[in-house]
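# Architecture and fold: a report
Given next are the chains, with one letter for each unit.
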Number of protein chains: 2
Amino acid sequence: MSERPEARSPEARAPRGFIDRRARDVVAERTILAAVSGVYERWGFEPLDTGAFEYADALGKFLPDADRPNEGVFALQDDDEQWMALRYDLTAPLARFAAQNWETLPKPFRRYAFGPVWRNEKPGPGRFREFVQCDADTVGSARPEADAEIIAMAVEGLEAAGLPAGSAVLKINNRKLLNGLMAAAGVADEGQKLAVLRAVDKLDRLGAEGVRLLLGEGRKDESGAFTKGAGLNASAAERVLAFTAAGLGGRGETLARLAEVVGGSAEGDEGLAELAAIDAALTGLGVGVDRAIIDPSVVRGLEYYTGPVFEAELLLSTTDEKGQPMRFGSIGGGGRYDDLVARFTGERTPATGFSFGVSRLAAALRAAGRDLSKAARGPVVVIAFSPERMADYFAVAQEIRAAGIAAEVYLGGSGMKAQMKYADRRLSPAAIIVGDDELAAGTVTVKDLDLGRALAAKVSDNAEWRAERPGQQTIPRGELVEALRRILAAS
Amino acid sequence: MSERPEARSPEARAPRGFIDRRARDVVAERTILAAVSGVYERWGFEPLDTGAFEYADALGKFLPDADRPNEGVFALQDDDEQWMALRYDLTAPLARFAAQNWETLPKPFRRYAFGPVWRNEKPGPGRFREFVQCDADTVGSARPEADAEIIAMAVEGLEAAGLPAGSAVLKINNRKLLNGLMAAAGVADEGQKLAVLRAVDKLDRLGAEGVRLLLGEGRKDESGAFTKGAGLNASAAERVLAFTAAGLGGRGETLARLAEVVGGSAEGDEGLAELAAIDAALTGLGVGVDRAIIDPSVVRGLEYYTGPVFEAELLLSTTDEKGQPMRFGSIGGGGRYDDLVARFTGERTPATGFSFGVSRLAAALRAAGRDLSKAARGPVVVIAFSPERMADYFAVAQEIRAAGIAAEVYLGGSGMKAQMKYADRRLSPAAIIVGDDELAAGTVTVKDLDLGRALAAKVSDNAEWRAERPGQQTIPRGELVEALRRILAAS
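Residues numbered from 1 in each chain as written. Chains lettered and ligands numbered in written order. Predicted model: local features only at pLDDT ≥ 70, side-chain atom pairs only at ≥ 80, totals over all residues.

### Some thoughts on the overall build of chain A
Within chain A one finds 18 helices and 18 strands. Here chain A has a C-alpha radius of gyration of 29 Å; the compact-globule value for 491 residues is 23 Å, and the former is much larger. Projected onto its principal axes, the C-alpha coordinates of chain A cover approximately 95 × 60 × 55 Å. Within chain A, buried positions represent 47% of all 491 residues. (Helix = DSSP H or I, 4+ residues; strand = E, 2+ residues; numbered from the N terminus. Rg over C-alpha atoms; globule rule 2.2 N^0.38 Å. Buried ≥ 20, exposed ≤ 12 C-beta atoms within 10 Å, placed from the backbone.)

### Some remarks on the nonpolar core
In this structure, Val382 of chain A together with Val382 of chain B are the most contacted members of the largest nonpolar core, which totals 281 residues. When residues in this core are grouped by element, the largest group, 10 residues, is from helix H4 (residues 144-161) of chain A. Every residue in contact with Val382 of chain B, bar those within four places of it in the chain, is listed here: Tyr393, Val396, Ala397, Ala407, Glu408, Val409, Tyr410, Ile432 and Val434 of chain B. (Core = buried A, V, L, I, M, F, W, Y, C linked by C-beta atoms within 7 Å. Contact = placed C-beta atoms within 7 Å.)

### Description of the sheet that holds strand E2 (residues 53-55) of chain A
Residues and elements named next belong to chain A. Read across the open sheet, the 3 strands follow the order E2-E4-E3; overall the sheet is antiparallel. One side of each edge strand has no neighbouring strand; the edge strands of this open sheet are E2 and strand E3 (75-77). Neighbour to neighbour, the strand axes of the sheet diverge by 35 degrees on average, direction disregarded. Pairing between E3 and strand E4 (residues 83-86): 3 bridges, direction antiparallel. If you follow Gln77 over to E4, its bridge partner there is Trp83. (Pairing = 2+ DSSP bridges. Axes fitted to C-alpha atoms, helices over the stretch in contact; angles between N-to-C directions.)

### Thoughts on the pairing of strand E5 (residues 109-118) of chain B
Residues and elements named next belong to chain B. E5 sits mainly inside the fold: 8 of its 10 residues count as buried. Alignment of strand E1 (residues 46-47) against E5, held across 2 bridges, turns out to be parallel. From the neighbouring strand, Glu46 faces E5, where its bridge partner is Arg111. Sheet analysis places E5 next to strand E6 (residues 130-139), joined by 10 bridges and oriented antiparallel.

### Here's the deal with the packing of helix H13 (residues 390-402) of chain A against helix H10 (residues 266-284) of chain B
Running from N to C, H13 of chain A and H10 of chain B cross one another at 35 degrees; their axes reach a closest spacing of 8 Å. Note on packing geometry: the crossing formed by H13 of chain A with H10 of chain B is right-handed. The residues of H10 of chain B that touch H13 of chain A, namely those facing Met390, Ala391, Asp392, Phe394 and Ala395 of chain A, are Ala280, Ala281, Thr283 and Gly284 of chain B. For the contact of H13 of chain A with H10 of chain B, the per-class residue count stands at 6 nonpolar, 2 polar and 1 charged. (Left-handed = near helix turned anticlockwise from the far one by under 90°. Nonpolar A, V, L, I, M, F, W, Y, C, P; charged D, E, K, R; others polar.)

### Re the interface of chain B and chain A
On the side of chain A, 88 residues touch chain B, which itself brings 88 residues to the contact. With 7 residues, the top contributor of residues to the side of chain B that touches chain A is helix H13 (residues 390-402) of chain B. Grouping the constituent residues of the side of chain B that touches chain A by class yields 43 nonpolar, 17 polar and 28 charged.

### Considering the environment of Arg198 of chain B
Mapping Arg198 of chain B onto the fold places it in helix H6 (residues 190-201). What makes Arg198 of chain B partly exposed here is the crowd of 14 C-beta atoms within 10 Å.

### Here we look at the packing of H6 of chain B against helix H7 (residues 203-215) of chain B
Packing of H6 of chain B against H7 of chain B brings their axes to within 7 Å, and their N-to-C directions diverge by 145 degrees. Contact residues: Val196, Ala199 and Val200 of chain B in H6 of chain B; Leu203, Val211, Leu214 and Leu215 of chain B in H7 of chain B.

### Overview of the relation of the copies chain B and chain A
Comparison of the two chain copies shows a relationship of rotation about an axis with a shift along it. Superposition of chain B onto chain A requires a rotation of 180 degrees combined with a translation of 0.0 Å along the rotation axis, giving an RMSD of 0.1 Å. In the structure described here, the two chain copies are related by an operation that fits a two-fold rotation axis. Relative to the rotation axis, the closest C-alpha in chain B is found at Leu76 of chain B, a distance of 3.3 Å. By residue overlap, the copies meet face to face through one surface: 100% of the interface positions of chain B are interface positions in chain A. (Least-squares fit on C-alpha atoms with pLDDT ≥ 70 in both.)

### Topic: unusual backbone geometry
Residues and elements named next belong to chain A. With an omega of 0 degrees, the peptide bond between Lys107 and Pro108 qualifies as cis. With respect to the helices and strands, the residue Pro108 is situated in the loop between helix H3 (91-101) and strand E5 (109-118). In this model, Glu81 sits at a positive phi of 75 degrees, which is unusual for a non-glycine residue. Mapped onto the fold, Glu81 is located in the loop between E3 and E4. A positive phi angle, close to 60 degrees, is found at Leu427, a residue other than glycine. Within the element layout of this structure, Leu427 appears in the loop between helix H14 (416-425) and strand E16 (430-433). On the neighbour-count criterion, Leu427 (19 C-beta atoms within 10 Å) is partly exposed.

### Here we look at the domain arrangement of chain A
Split into domains, chain A comes out as domain 1 (23-52 + 87-187 + 232-367) and domain 2 (377-490). The C-alpha centroid of domain 2 of chain A is placed 49 Å from the C-alpha centroid of domain 1 of chain A. (Domains from an automatic or database assignment.)

### Some remarks on the environment of Glu121 of chain B
Looking at where Glu121 of chain B falls in the secondary structure, it is placed in the loop between E5 and E6. Discounting residues that sit within four places of it in the chain, Glu121 of chain B has contacts with Gly72 and Arg129 of chain B.

### Re the sheet that holds strand E13 (residues 351-357) of chain A
The strands that make up a sheet pair up through hydrogen bonds in the backbone, lying either parallel or antiparallel. Residue and element names in this part refer to chain A. Pairing is mixed across the open sheet formed by 8 strands, whose spatial order is E1-E5-E6-E13-E12-E11-E7-E10. What marks the edges here is a single partner per strand, and that holds for strand E1 (46-47) and strand E10 (292-294). With respect to the sheet, H3 is in contact with E5, strand E6 (130-139) and E13, its orientation differing from that of E6 by roughly 40 degrees. Packing against the sheet, helix H12 (residues 358-367) makes contact with E5, E6, strand E11 (308-319), strand E12 (325-336) and E13, and its axis sits at approximately 55 degrees to E13.

### A look at the pairing of strand E4 (residues 83-86) of chain B
Residue and element names in this part refer to chain B. Here 3 bridges tie strand E2 (residues 53-55) to E4, and the two strands are oriented antiparallel to one another. For Phe53, the partnering residue across the bridge sits in E4 and is Leu86. In this structure, the hairpin formed by strand E3 (residues 75-77) and E4 is closed by a connection of 5 residues, where Glu81 is found at a positive phi of approximately 75 degrees.

### Examining helix H3 (residues 91-101) of chain B
All names here are of chain B. Taking burial as the measure, the 11 residues of H3 include 9 buried ones, the bulk of the element. The set of residues buried in H3 consists of Thr91, Ala92, Pro93, Leu94, Ala95, Arg96, Phe97, Ala98 and Ala99. Looking at the buried side of H3, the elements it contacts are E2, helix H2 (56-59), E5, E6, helix H11 (342-345) and strand E13 (351-357).

### Quick notes on the confidence of the model for chain A
For chain A, mean pLDDT is 88; residues scoring 70 or higher make up 92% of the total. As a predicted assembly, this complex carries a pTM of 0.90 together with an ipTM value of 0.89. (pLDDT = per-residue confidence, 0-100.)

### Here we look at H6 of chain B
Taking 1.5 Å of rise per residue, the 12 residues of H6 of chain B would be expected to cover 16 Å, and the 16 Å separating its terminal C-alpha atoms lies within 8% of that figure. Elements that come into contact with the buried residues of H6 of chain B comprise helix H5 (175-184), H7 and helix H8 (234-244) of chain B. (Expected span 1.5 Å × (residues − 1).)

### Description of the environment of Ala368 of chain A
Residues and elements named next belong to chain A. Positionally, Ala368 belongs in the loop between H12 and strand E14 (380-382). Assessed through the 18 C-beta atoms surrounding it within 10 Å, Ala368 is described here as partly exposed. Beyond its immediate chain neighbours, meaning those up to four positions away, Ala368 contacts Leu163, Pro164, Ser167 and Leu316.

Structure, rendered in structure tokens:
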């Protein structure tokens with residue numbers, strides 16, 4: 001891999017839509033994944049890592065229809081002419097894995113997974129072409145209790161990751177209810193169904209009045225632009241609105257209200273029975289209405305899912321960069337998809353799961369004031385004066401590390417001032433000076449950099465506090481670790 | 001992503017050279033990475049994650065020279081016609097990152113990273129096109145102490161990952177010594193230098209006699225095939241052999257012996273001085289000759305590195321699948337590369353680092369008898385008899401999880417026998433039976449599956465032991481967690 005400087009140097013830049021993540025973000029995401037993994041394993045889900053590539057035909061949607069397909073995925077042709085593509089989510093690889101190993105897997109098969117996924121889309125602010133997802137799925141159980149388990153586990157996972165209890169709620173709906181509603185409202189046409197779903201999806205933004213127009217003939221917005229409606233008659237539109245408004249109160253009340261709107265249609269009744277079983281299981285698991293509700297206005301992903309759908313919504317009101325109040329909204333979702341494994345085997349295989357974006361959850365945690373970046377602080381820095389004394393500096397650093405405290409010897413070529421600046425830049429808690437005097441006397445000088453930063457920030461210039469916690473002290477070598485522990489405990 | 005079964009189902013298989021990793025392997029690799037990360041952070045190295053893709057020109061070696069380059073990397077053309085390639089190691093992205101952010105980085109910049117890398121090579125047994133590497137590098141320090149730090153940290157990392165102390169040794173060499181040796185032996189031609197390195201690299205396999213022939217006119221092997229030699233005269237060949245044999249004994253002795261062979265040439269003296277400084281720093285760090293030696297026969301990667309080179313070798317004698325004794329050999333390596341950042345900036349930037357393959361280390365740990373797969377065992381399984389009782393089963397599972405023990409309710413559609421088989425397949429420690437009798441009496445029945453497995457394996461059929469540890473017991477519900485803790489503690 002030897003490489004001489006070339007006549008024309010390449011520009012050092014990451015490809016568009018790909019980012020470098022430094023310690024703060026890496027530590028935050030690892031902390032989340034460790035906490036969530038712990039929860040998922042406690043629920044009996046085993047980890048699975050599949051490769052980055054799948055054959056394009058296994059991914060399904062993205063079958064190459066041109067010489068070089070690039071609709072949504074990163075695809076390339078292998079030596080043997082087969083098209084491969086980087087996974088765009090963790091569900092498609094799971095479906096392939098489950099189909100491939102179905103005979104030998106324990107059934108139902110519960111697995112969780114996390115890792116990068118890739119989307120070949122136009123990058124933009126906050127919109128990346130590579131991001132980390134974390135999924136949990138149960139394949140091979142048609143029971144509504146499998147959905148309930150996923151929901152309860154997702155709630156517990158989000159809380160274990162650091163979301164304060166009550167700051168997120170899982171909203172549950174069921175595609176079968178929607179289908180029952182459509183049947184009751186006399187909607188058979190697929191295009192009209194889609195128009196109804198789209199109208200309902202705008203409830204947050206337009207309110208009931210706007211949605212009523214979109215369910216009927218159409219709506220003119222403030223600019224005068226007209227959006228054609230779904231064409232329902234007034235009573236059908238009211239039925240849909242009553243359906244979306246049924247989500248208030250406890251899960252039992254919601255179910256009772258929904259029964260009035262969609263009950264009687266075969267599919268609606270099936271959906272209601274599933275939700276009732278989910279409700280009972282959630283109650284058995286101790287998941288109350290403060291953490292999981294039934295909300296018929298959730299329609300996202302309904303085209304994809306075949307039964308219950310879930311959406312995790314952050315309830316905290318946060319502020320954007322300009323200090324404006326902002327709804328954080330959805331931080332994850334999932335549902336039942338019984339068709340995915342069937343693509344390979346021809347046999348319908350029940351499956352249900354939940355997925356969240358890890359960096360999106362990290363952003364939510366920051367918005368919730370949960371700072372996960374503490375661990376990203378720098379090591380204690382042993383100042384290096386003289387090349388002849390390096391072995392002594394190394395011995396001091398090793399002593400500190402042996403006590404479990406991060407430490408390093410400065411290895412650059414700069415002087416004292418630059419070394420202090422370096423330690424400060426790394427958010428080091430302390431710098432250690434081991435000059436000739438100290439070596440002769442068996443002492444070390446410890447400089448409390450946290451204190452220095454606090455003083456610089458004028459957090460405190462209290463003389464008494466300074467006396468208690470001297471900015472710089474020369475102490476016997478044997479007391480070094482203890483002094484560092486005091487500094488770290490105060491930080 | 002909705003997808004209806006297609007007329008012709010795709011075959012469920014992973015692309016060639018990519019593997020699915022189940023719990024055992026995932027847990028082993030995570031355990032290694034957590035331990036090594038802890039060590040690296042204690043040494044002041046910060047984590048960094050770069051994206052999977054780099055621009056092909058930034059990767060250097062793999063500049064597209066055809067419409068679709070595929071020499072060694074997975075490359076594709078972006079919408080804007082720029083070629084991107086998946087990273088083939090973690091060093092090239094670091095060089096790009098360091099060049100891109102040099103002005104704002106703390107210097108020296110110490111970072112560690114782990115993640116998948118991709119090689120577009122012909123897959124084979126044990127040869128994958130995607131694997132996880134773990135690297136630590138210091139950019140911006142020319143001091144030999146930076147090399148020593150990397151070496152000492154690598155040793156500590158491997159031990160923290162689970163390699164018994166003394167089971168691996170870091171072998172250190174220096175390209176400058178080789179260059180000095182070549183100068184002393186009168187070798188100026190690059191092709192001849194390469195032939196000498198190739199001959200030395202065969203020392204393990206051919207011994208000194210075979211290498212002597214390859215250094216001279218050439219060697220005929222048992223099949224009669226002739227390999228042309230490097231063409232050194234006898235005294236030059238002896239000098240090379242003396243060089244490679246200088247690695248016995250302590251680091252100081254080796255250095256003294258090497259000084260006799262390569263001392264006097266400017267570059268040889270420089271290399272000796274660097275190794276002497278590394279030796280002193282390692283001593284200061286408490287790394288003795290049992291963990292790091294100077295071994296001039298290490299030549300791998302010497303074309304790539306510009307100064308010191310390191311190779312971590314596993315000393316354990318292991319056996320292959322057929323029970324034959326096997327040398328595990330190299331499990332990682334590194335060295336100093338001062339040219340890589342210069343590709344972008346034009347300025348030579350000193351850098352040094354160490355890299356190891358995570359699954360290779362996991363295999364080494366298994367060979368060393370360190371089983372990391374314990375955590376891959378299954379959850380306690382609550383047997384499900386009756387759909388009406390699911391909420392009760394869930395409450396029991398929740399109780400167990402609340403005590404920190406993994407547990408799940410069986411959610412398939414099968415009967416008691418199949419459920420027990422399922423629990424056994426998942427390596428569950430116990431199955432819990434909560435039938436109507438138990439519910440009425442406020443009890444649970446606990447079946448010790450570890451014991452069942454032990455008995456099945458005829459490990460023990462001792463009646464006394466069975467009495468102490470009953471295979472199945474019905475106990476008050478309040479004693480459930482305690483009973484499970486006993487079973488887990490005994491496993």
